[in-house]
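Here is how the chains run, residue by residue.
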Amino acid sequence: MVENMLLKDKVAIVTGAAQGIGKAIAVALAREGANIVIVDINLEGAKATAREIESLGRGALVFEVDVSRADQVNEMVKKVLDSFKRIDILINNAGITRDALIVRMDESDWDKVMEINLKSAFNCSKAVARPMMKQRSGKIINIASVIGLVGNVGQSNYAASKAGIIGLAKSLAKELAPRGINVNAIAPGFIKTEMTERLSQEVRAEMLKRIPLARFGDVEDVARVVLFLVSDAAGYITGQVLNVDGGMIM
Ligand SMILES: NC(=O)c1ccc[n+]([C@@H]2O[C@H](COP(=O)([O-])OP(=O)(O)OC[C@H]3O[C@@H](n4cnc5c(N)ncnc54)[C@H](O)[C@@H]3O)[C@@H](O)[C@H]2O)c1
């Protein structure tokens, strides 16, 4: 029933929503009544997510945008405001890995990961900050990683970028709190998506041994926590990092 929905008529931007965790978040928010802006470089995947959202009776806008590019992000946000007149939720989810040991890591691998995982969150947060401040409400969530908290061999660029978006979330939480905007980060552990499918059987088996709940996470495990953080139930939570990792780090 529409009346019981948590996010009726809210407008949510989800980056990297063509697949994986971003897609699950987009669909979960739509199920609770939100209209969704799907931002991704994968246009076909983004359109497929949009079809799923429209079949739920919600509005979906698709933007083929590289979130590391401020000009493209600003243009997208302008069009979203033209269409929906407001932005309630931003989920900074788009992210990539370019793993290598530091001695073998190319400068371009470092730069690319920083641009797509960290600068993107700056671009998108900056673009929505003013409209959210005017509304005196808003929710921003950065999808970080447990790797940003504990580090990992071969992932110095990824870990630094994810630690970066945690610092960004905490700073924005302080900066935007007076305007009624909550900013938090989620740190997923090992979630079953294309990103983790690329790992070898040995690495996966080794990971599983370190997860007390003895299973890998599903995309819905993350999406459900996003739903909680953007809902009124989490109104008094800001500047926090919520680990969604089956107890992998504690
Ligand atoms: N899968 C995991 O175990 C895991 C664990 C911790 C954190 N995360 C984080 O969760 C987020 C989503 O991960 P996933 O596993 O769903 O990954 P995924 O690779 O399945 O999806 C990432 C999405 O981001 C999009 N994207 C990539 N670069 C982009 C750009 N420049 N502009 C716009 N869109 C872009 C891709 O096209 C894709 O649709 C990432 O930030 C990732 O670091 C994932």
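Treat the numbers as computed from the prediction; the structure is a model and nothing was measured.

Analysis parameters
- Every chain's residues receive numbers from 1 upward, in the order its sequence appears when written.
- Under the rules for a predicted model, residues below a pLDDT of 70 receive no local features and side-chain atom pairs below 80 are neither given nor counted, while totals for whole chains, interfaces and linings still include all residues.
- Helix numbers and strand numbers start at the N terminus; a helix is a DSSP run of H or I with at least 4 residues, a strand a run of E with at least 2.
- With C-alpha atoms as the basis for the radius of gyration, the globule rule is written as 2.2 Å multiplied by the number of residues raised to the power 0.38.
- In this scheme every C-beta is placed from the backbone, and a residue whose C-beta has 20 or more other C-beta atoms within 10 Å is buried, one with 12 or fewer is exposed, and one in between is partly exposed.
- Distance between backbone-placed C-beta atoms decides contact: two residues are in contact if it is within 7 Å.
- Multiplying one less than the number of residues by 1.5 Å gives the expected span of a helix.
- Think of it as the arc spanned by the lines of direction from the helix axis to the C-beta atoms.
- Under this scheme, a helix contributes an axis fitted over its contacting stretch, all axes are lines through C-alpha atoms, and angles between N-to-C directions fall in the 0 to 180 degree range.
- An angle below 35 degrees is treated as roughly parallel, one above 145 as roughly antiparallel, one from 65 to 115 as roughly perpendicular, and anything else as oblique.
- A crossing counts as left-handed when the near helix is turned anticlockwise from the far one by less than a right angle, and as right-handed when that turn is clockwise.
- A residue counts as near a molecule or strand when its C-beta atom, positioned from the backbone, falls within 6 Å of it.
- Classes in brief: Ala, Val, Leu, Ile, Met, Phe, Trp, Tyr, Cys and Pro nonpolar; Asp, Glu, Lys and Arg charged; the others, Gly included, polar.
- Two strands form a pair only when DSSP identifies at least two bridges running between them.

Trainee: Describe the overall build of the chain, naming the residues involved and giving the relevant values.
Mentor: Scanning the chain for helices and strands turns up 9 helices and 7 strands. In terms of C-alpha radius of gyration, the chain reaches 17 Å, essentially the compact-globule figure of 18 Å for 250 residues. Based on the C-alpha atoms only, the size of the chain along its principal axes is roughly 50 × 40 × 35 Å. The buried share of the chain, taken over its 250 residues, is 46%. Sequence separation of 24 or more characterises 73% of the internal contacts of the chain that already satisfy a separation of 6 or more.

Trainee: Give me helix 2 (residues 43-55): which residues, what numbers.
Mentor: If you check helix 2, its first and last C-alpha atoms are 18 Å apart, about what 13 residues at 1.5 Å a residue would give, namely 18 Å. All of the buried residues along helix 2 are Ala 46, Thr 49, Ala 50 and Ile 53. Each buried residue of helix 2 sits inside an arc of 105° when the element is viewed along its axis, so together they form one side. For helix 2, the exposed residues lying more than 90 degrees away from the buried face are Glu 44, Arg 51 and Ser 55.

Trainee: How would you sum up the packing of helix 1 (residues 20-31) against helix 2? Please name residues and give values.
Mentor: The N-to-C vectors of helix 1 and helix 2 enclose an angle of 20°; their axes lie 9 Å apart at closest approach. As far as their axial angle goes, helix 2 and helix 1 are roughly parallel. Crossing hand, helix 1 versus helix 2: right-handed. From helix 1, Lys 23, Ala 26, Val 27 and Ala 30 reach across to helix 2, where they touch Thr 49, Glu 52 and Ile 53.

Trainee: Could you give me a rundown of the site of the ligand, with the residues and numbers involved?
Mentor: Near the ligand, the surroundings consist of 29 residues, among which Gly 16, Gly 20, Gly 95, Thr 193 and Met 195 are the closest. Among the secondary structure elements, those contributing two or more residues to the shell around the ligand are helix 1, strand 2 (35-40) and helix 7 (194-197). Among the residues making up the shell around the ligand, the classes are represented as 13 nonpolar, 13 polar and 3 charged.

Trainee: If you had to explain the sheet that holds strand 1 (residues 11-15) to someone new, which residues and values would you point to?
Mentor: In sheet architecture, strand pairing relies on hydrogen bonds along the backbone and comes in two forms, parallel and antiparallel. Ordered in space as 3-2-1-4-5-6-7, the 7 strands form an open sheet in which the pairing is parallel. Across the chains shown, the open sheet's two edge strands, defined by having one partner strand only, are strand 3 (60-64) and strand 7 (241-244). Neighbour-to-neighbour, the strand axes of this sheet turn through a mean angle of 15°, independent of strand direction. Relative to strand 5 (residues 138-143), strand 4 (residues 89-92) runs parallel, the two sharing 4 bridges.

All we've got here are geometric facts, nothing functional implied.
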